[in-house]
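Here is what each chain is made of, one letter per residue.
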Amino acid sequence: MNGHARELADGFDLEKLTADFYANPYPTYRALREHAPVKRLPNGCYFLTRYDDLIAAYKNTKTFSSDKRKEFLPKYGNSLLYEHHTTSLVFNDPPAHTRVRRLIMGALSPRAIAGIEPDLIALIDSLLDRIATKDRFELIGDFASAIPVEVIGNLLDVPHDEREPLRDWSLAILGALEPVIAKDAFDRGNDAVKDFLAYLETLVERRRAKPGNPERDVLTRLIQGEDNGERLTAKELLHNCIFLLNAGHETTTNLIGNGLVTLTQYPEQQQRLIAQPELIKTAVEEMLRYESSNQLGNRMIVEETELGGIKMPAGTLVTLCIGAANRDPAQFPNPEGFDVARTPNRHLAFGTGAHQCAGMALARLEGAIAISRFLARFPNYALDGEPVRGGRVRFRGFLSVPCSISA
Ligand code: HEM
């Protein structure tokens, strides 16, 4: 076992992943944590798997930069994908980051989203009503992916009949962030940014002409800016709206899909949560920890530093492996176990520090309401066929999960 773990760690290459890895990356992550926690990859980048090393990187924005202008230029050239990703909040450093984040956080704070709960419950119940008319259903398409697209669509007040392309645009743009992308994935990503921008320009124009209520409508709020006169530029506004729509789609779909699939693998935990629905908050945190929907983050070292006894010069790229850190035994007792009542649970599924997920209150609310209402309605749901994985290393989730509701 130990020899095999060492082999896994030695042979790990983020650019050459195997089908076994995509099916279950955790043995490899464990091997890396134990044998090569600061792993130099063949392309010269480092891959970090220990919880404490991720914390160190997340908390030190001066040394570990999120600004992707240098890194993305060779990958995307002078393309719209380049413009989009380098204008997104998440891929910037202070002071640009601080100003944009303040505006976006204001629009997504727990107070700002508190009002969405009744609509969210109604949406989820209508999806459950539709599922109840079938014997078999598909967990992702019929449920998990239908929720975030509506929620963010509602937050930005995108008219219902204009929402259809949003999910495909989002998947194409985020797909282009995979460590290696083929030409057609690059083209799809670029086309998606082009179409998304064109669509948002018309939406923003309409909203400027007829503003909504800034208390409820995030787009109106972002257009109007803060009382102190802080505003996004036109380009920042469009790209950060795309980013918001993307950031909340696949990640939240995967939280709901991964969570409900994981419960089927731990029937005693499933029964416990059904018997004690008040555990939903800790259960959602455990789902986020156990199968983190966003598994990787990236930083560039901009001043020489040392991690795990390894010196890294400025210009070194590091990948922060959230999926591995969230199963680090130095932080989590019995890390490979799934416990719906786990406390404390300081997982890194939302990152931490200056870039910590701005939408986490929203994601937690969506996850808790979707999963608890699903379980209350269909306590006997079961897998009914092989779930199909998304085949991505960064965003971990399922494309489809056939299920039955009658036991
Ligand atoms: C389960 C669902 C979600 C997960 C796992 C997740 C995960 C993350 C992570 C790990 C980061 C930090 C990236 C970094 O430091 O490099 C992040 C940032 C961000 N997320 Fe989320 N996210 C989720 C849902 C959402 C939602 C619903 C929204 C909003 C609609 C959102 C908006 C953002 C924004 C704006 C940032 C950038 C924050 C910054 O750079 O200051 N996320 N998210």
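Look above for the structure.
Residues numbered from 1 in each chain as written. Predicted model: local features only at pLDDT ≥ 70, side-chain atom pairs only at ≥ 80, totals over all residues. Heavy atoms only, no water.

## What to know about the overall build of the chain
Stage number 1. Across its full length, the chain holds 20 helices and 12 strands.
Stage number 2. Over its C-alpha trace the chain gives a radius of gyration of 21 Å, about what one expects of a compact globule, namely 22 Å for 407 residues.
Stage number 3. Each of the three principal axes of the chain carries a C-alpha extent, and together these read 60 × 55 × 40 Å.
Stage number 4. When the 407 residues of the chain are sorted by exposure, 55% land in the buried category. (Helix = DSSP H or I, 4+ residues; strand = E, 2+ residues; numbered from the N terminus. Rg over C-alpha atoms; globule rule 2.2 N^0.38 Å. Buried < 20%, exposed > 50% of the residue type's maximum accessible area, 1.4 Å probe, protein only.)

## With respect to the site of the ligand
Stage number 1. Neighbouring the ligand are 29 residues, the closest being His97, Arg101, Arg299, His355 and Cys357.
Stage number 2. Taking arginine 299, its side chain carries an N or O atom lying 2.8 Å from an oxygen atom of the ligand.
Stage number 3. Contributions of two or more residues to the shell around the ligand are made by helix H7 (96-108), helix H15 (234-247), helix H16 (250-265) and helix H20 (360-377).
Stage number 4. Here the shell around the ligand is composed, by residue class, of 17 nonpolar, 10 polar and two charged. (Near = heavy atom within 4 Å. Polar contact = N/O pair within 3.5 Å; in protein donor to acceptor, adjacent residues only side chain to side chain. Nonpolar A, V, L, I, M, F, W, Y, C, P; charged D, E, K, R; others polar.)

## Details of the side chain of histidine 239
Stage number 1. Along the chain, histidine 239 falls in helix H15.
Stage number 2. Histidine 239 sits in the buried class, given a relative accessible area of 1%.
Stage number 3. Among residues more than four places away in sequence, those in contact with histidine 239 are Glu83, His84, Thr87, Ser88, Val193 and Leu197. (Contact = heavy atoms within 4.5 Å.)

## Thoughts on the coordination of the iron atom of the ligand
Stage number 1. In this structure, the iron atom of the ligand receives exactly one donor atom from the protein: Cys357 (SG), at 2.3 Å.
Stage number 2. Within the secondary structure, cysteine 357 sits in the loop between helix H19 (322-325) and H20. (Donors = N, O, S within 2.8 Å, 3.2 Å for Na, K, Ca; no water.)

## What to know about the sheet that holds strand E8 (residues 317-321)
Stage number 1. Spatially, five strands are ordered E1-E2-E8-E5-E3 in an open sheet, and the strand pairing comes out mixed. Each edge of the sheet is formed by a strand with only one pairing partner; in this case those strands are strand E1 (38-40) and strand E3 (64-65).
Stage number 2. Lying over the sheet, helix H4 (residues 51-59) contacts E1, strand E2 (46-48), E3, strand E5 (296-301) and E8, oriented at roughly 125 degrees with respect to E8. (Pairing = 2+ DSSP bridges. Axes fitted to C-alpha atoms, helices over the stretch in contact; angles between N-to-C directions.)

## Some words on the packing of helix H6 (residues 80-87) against helix H13 (residues 183-209)
Stage number 1. In contact at an axis separation of 8 Å, H6 and H13 are set at 70 degrees when each is read in the N-to-C sense. When the axis of H6 is compared with that of H13, the two are roughly perpendicular. The way H6 lies across H13 gives a crossing that is left-handed. Across the interface between the two elements, Leu80, Leu81, Glu83 and His84 of H6 pack against Phe186, Gly189, Asn190, Val193, Lys194 and Leu197 of H13.
Stage number 2. Counted by class, the contact of H6 with H13 contains five nonpolar, three polar and two charged residues. (Parallel < 35°, antiparallel > 145°, perpendicular 65-115°, else oblique. Left-handed = near helix turned anticlockwise from the far one by under 90°.)

## Some thoughts on the pairing of E5
Stage number 1. In terms of residue burial, E5 counts as a mostly covered element, since six of its six residues are buried.
Stage number 2. Alternating residues of E5 divide into Leu296, Asn298 and Met300 and Gly297, Arg299 and Ile301, and every residue in both groups is buried.
Stage number 3. In terms of strand pairing, E5 meets E8 through five bridges, oriented antiparallel. Pairing of asparagine 298 across the sheet is with threonine 319, part of E8.

## A closer look at unusual backbone geometry
Stage number 1. Put simply, proline 94 and proline 95 share a cis peptide bond, and its omega is 5 degrees.
Stage number 2. Looking at the element boundaries, proline 95 is found in the loop between H6 and H7.
Stage number 3. The omega torsion of the bond from threonine 343 to proline 344 falls at -10 degrees, within 30 degrees of zero and hence cis.
Stage number 4. Within the secondary structure, proline 344 sits in the loop between H19 and H20.
Stage number 5. Phi is positive for asparagine 334, close to 45 degrees, though the residue is something other than glycine.

## Brief notes about the packing of aromatic side chains
Stage number 1. According to the stated counting rule, one finds 19 aromatic pairs in the structure shown.
Stage number 2. Residues phenylalanine 137 and phenylalanine 374 carry aromatic rings whose centres are separated by 6.0 Å and whose planes lie at 55 degrees to one another, so their mutual orientation is tilted. With phenylalanine 137 in strand E4 (residues 136-138) and phenylalanine 374 in helix H20, this residue pair connects regions lying 237 residues apart in the sequence.
Stage number 3. The class of phenylalanine 137 is buried, set by a relative accessible area of 4%.
Stage number 4. For the ring pair tryptophan 169 and phenylalanine 196, a centre distance of 4.9 Å and an interplane angle of 40 degrees mean the geometry is tilted. Remark: phenylalanine 196 occurs in helix H13 and tryptophan 169 occurs in helix H12 (residues 166-175); sequence separation between them is 27 residues.
Stage number 5. Taking relative accessible area as the criterion, tryptophan 169 reaches 13% and is therefore assigned buried.
Stage number 6. Taken together, Phe12, Phe21, Tyr22, Tyr26, Tyr29 and Phe47 form an aromatic cluster joined through their ring pairs.
Stage number 7. The ring of phenylalanine 332 is capped by arginine 289, whose NZ or CZ atom sits 5.3 Å from the centre of that ring.
Stage number 8. Sitting above the plane of the tyrosine 26 ring, arginine 327 keeps its charged end 3.4 Å from the centroid. (Phe/Tyr/Trp six-rings, centres within 6.5 Å; stacked < 30°, edge-to-face > 60°. Lys NZ or Arg CZ within 6 Å of the ring centre and 35° of its normal.)

## A short note on the sheet that holds strand E12 (residues 402-404)
Stage number 1. Spatially, three strands are ordered E4-E12-E9 in an open sheet, and the strand pairing comes out antiparallel. Edge strands, defined here as strands with exactly one partner in the open sheet, are E4 and strand E9 (382-383).
Stage number 2. Two elements, E9 and E12, share two bridges in a ladder whose sense is antiparallel. If you follow leucine 383 over to E12, its bridge partner there is cysteine 403.

## As for the pattern of salt bridges
Stage number 1. Applying the stated criterion across every chain, the model contains 24 salt bridges.
Stage number 2. Two residues, aspartate 119 and arginine 216, come together in a salt bridge whose shortest N-O distance is 3.7 Å. Within this pair, whereas aspartate 119 is found in helix H9 (residues 117-132), its partner arginine 216 is found in the loop between H13 and helix H14 (218-224), the two being separated by 97 residues in sequence.
Stage number 3. Arginine 206 is the partner of glutamate 162 in a salt bridge, and the nearest nitrogen-oxygen pair spans 3.0 Å. (Salt bridge = Lys/Arg side-chain N within 4 Å of Asp/Glu carboxyl O.)

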